[in-house]
Amino acid sequence: MAEMTILVPELASAVRIDKYLADRLSEERPEISRSFLQNLMKDQAVTVNGSAVKANYKLSGGEEICLMIPESTEPDIVAEDIPLDILYEDSDLIIVNKPKGMVVHPAAGHYSGTLVNALMFHCKDDLSGINGVLRPGIVHRIDRNTTGSLIVCKNDFSHHHIAEQLKVHSINRRYRAIVHGNLKEEEGVIDAPIGRHPIERKKMAVNVRQAKSAVTHYRVLERFGQFTYIECRLETGRTHQIRVHMSSIHHPILGDDVYGPAKCPYPGLQGQTLHAQIIGFIHPRTGEYMEFEAPLPEYFEELLRKLRR
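Residues numbered from 1 in each chain as written. Predicted model: local features only at pLDDT ≥ 70, side-chain atom pairs only at ≥ 80, totals over all residues. Heavy atoms only, no water.

Caption draft 1: The arrangement of the overall build of the chain in detail. Of regular secondary structure, the chain possesses six helices and 15 strands. A globule of 309 residues ought to have a C-alpha radius of gyration of about 19 Å, and the chain, at 21 Å, matches this closely. Each principal axis of the C-alpha atoms in the chain carries an extent, and together these give about 60 × 50 × 35 Å. Burial analysis of the chain (309 residues in total) assigns 48% to the buried set. (Helix = DSSP H or I, 4+ residues; strand = E, 2+ residues; numbered from the N terminus. Rg over C-alpha atoms; globule rule 2.2 N^0.38 Å. Buried < 20%, exposed > 50% of the residue type's maximum accessible area, 1.4 Å probe, protein only.)

So this is what it looks like as structure tokens:
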């Protein structure tokens, strides 16, 4: 049994405790679902300021929550014969073009159909183990509905080298996106730290407590009046960085149902129009610079054709 203590910020008031905890723990402990928390409360394993509470308890802000969580075992991840769009592969790493809708690694609610399931079938035992059994080979991620290039490491040697390049921000990562509105400038830099949203814990936000430095460079490629086609270059790599940064300057990404308008003018998009087009890095074994380009997916090309008419 593991004990976890959470201090509730003053802002989090009039929120049900089961919803608050599920949102807050979604990133660090995705296996803890809202229903799991409700069962804990039925067993009186969740207290607020020392007293057991039910799932419908509403927070007033400033409380101390204590959870007693039973130890769990990680599920076995099964290799699955899922086709991969491979941009490059050698004995150290593999560059894949991730499709829309595919989760990168297993987590609560997604233990099959992920990129890791596909990689385990393709690479067999040739994947780095640094990130544990749920994330073999995974050194960085892109969101489920973001498409494009991703580096996967086949051994710990390459994982260490790529992780170090990510740490010092030397990897060249360029994205294509379509955003709402007509950007005033031809190019710009968004320098705004990003951290967990204080209330909606599944979201990120700029300029919040415990935020980390985040820098995004953007330039305009085409203008369509109500929308703008842009390239973004990541200087840092925070969760949802481009999505949060573009929304923070009032130009959210088209199709983004988390940081953009509730109603999308193109309802068939199923998520944000964001594509990790180019990735460039120093090969861990040869020391040579390598760069790969993932072609725009068909849905993105079709949308650009519509906007150009």
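Caption draft 2: Examining the pattern of salt bridges more closely. By the definition in use, this model includes 16 salt bridges. With a closest N to O distance of 3.2 Å, glutamate 231 and arginine 174 form a salt bridge. With glutamate 231 in strand 13 (residues 227-234) and arginine 174 in strand 8 (residues 172-180), this residue pair connects regions lying 57 residues apart in the sequence. One salt-bridge network, held together by shared partners, links Arg174, Arg176, Arg219 and Glu231. (Salt bridge = Lys/Arg side-chain N within 4 Å of Asp/Glu carboxyl O.)

Caption draft 3: Quick look at the packing of aromatic side chains. By the definition in use, this model includes five aromatic pairs. Between phenylalanine 227 and tyrosine 266, the ring centres sit 6.2 Å apart and the planes meet at 55°, which makes this aromatic pair tilted. On the criterion of sequence distance, the pair formed by phenylalanine 227 in strand 13 and tyrosine 266 in the loop between helix 5 (241-248) and strand 14 (274-282) is long-range, its members being 39 residues apart. With 5.8 Å between their ring centres and 55° between their planes, tyrosine 299 and phenylalanine 300 make a pair best called tilted. Taken together, Tyr88, Phe281 and Phe292 form an aromatic cluster joined through their ring pairs. When the ring centre of phenylalanine 121 is taken as origin, the NZ or CZ atom of lysine 124, which lies over that ring, is 4.7 Å away. (Phe/Tyr/Trp six-rings, centres within 6.5 Å; stacked < 30°, edge-to-face > 60°. Lys NZ or Arg CZ within 6 Å of the ring centre and 35° of its normal.)

Caption draft 4: Main features of the nonpolar core. Leu119, Tyr175, Ile230, Ile242 and Met246 are the most contacted members of the largest nonpolar core, which totals 31 residues. Secondary structure elements with two or more residues in this core: strand 6 (93-98), helix 3 (115-123), strand 7 (147-153), strand 8, strand 12 (215-223), strand 13, helix 5 and strand 14. Ranked by residues supplied to this core, first place goes to helix 3 with four residues. Core analysis: the second largest hydrophobic core is formed by 23 residues, Ala12, Leu25, Val46 and Ile65 among them. (Core = buried A, V, L, I, M, F, W, Y, C linked by side-chain atoms within 4.5 Å.)

Caption draft 5: View of the pairing of strand 14. In terms of residue burial, strand 14 counts as a mostly covered element, since eight of its nine residues are buried. As paired strands, strand 7 and strand 14 are joined by two bridges and run parallel to one another. Each bridged residue has a counterpart across the sheet, and for threonine 147 the counterpart in strand 14 is histidine 275. Two strands pair when backbone bridges link them, and strand 8 and strand 14 are joined in this way by six bridges, in the antiparallel orientation. Following the sheet pairing, arginine 173 is matched in strand 14 by isoleucine 279. Note that strand 14 and strand 15 (residues 289-293) share five bridges and pair antiparallel. (Pairing = 2+ DSSP bridges.)

Caption draft 6: Inspection of the environment of tyrosine 88 at higher detail. With respect to the secondary-structure elements, tyrosine 88 resides in strand 5 (residues 86-89). Distance in space between the C-alpha atoms of tyrosine 88 and glutamate 291 is 10.0 Å, their sequence separation being 203 residues. Non-local contacts of tyrosine 88, meaning those with residues more than four positions away in its chain, are made with Leu93, Ile94, Ile95, His283, Met290 and Phe292. Polar side-chain contacts of tyrosine 88 include one of 2.7 Å to the side chain of aspartate 90. (Contact = heavy atoms within 4.5 Å. Polar contact = N/O pair within 3.5 Å; in protein donor to acceptor, adjacent residues only side chain to side chain.)

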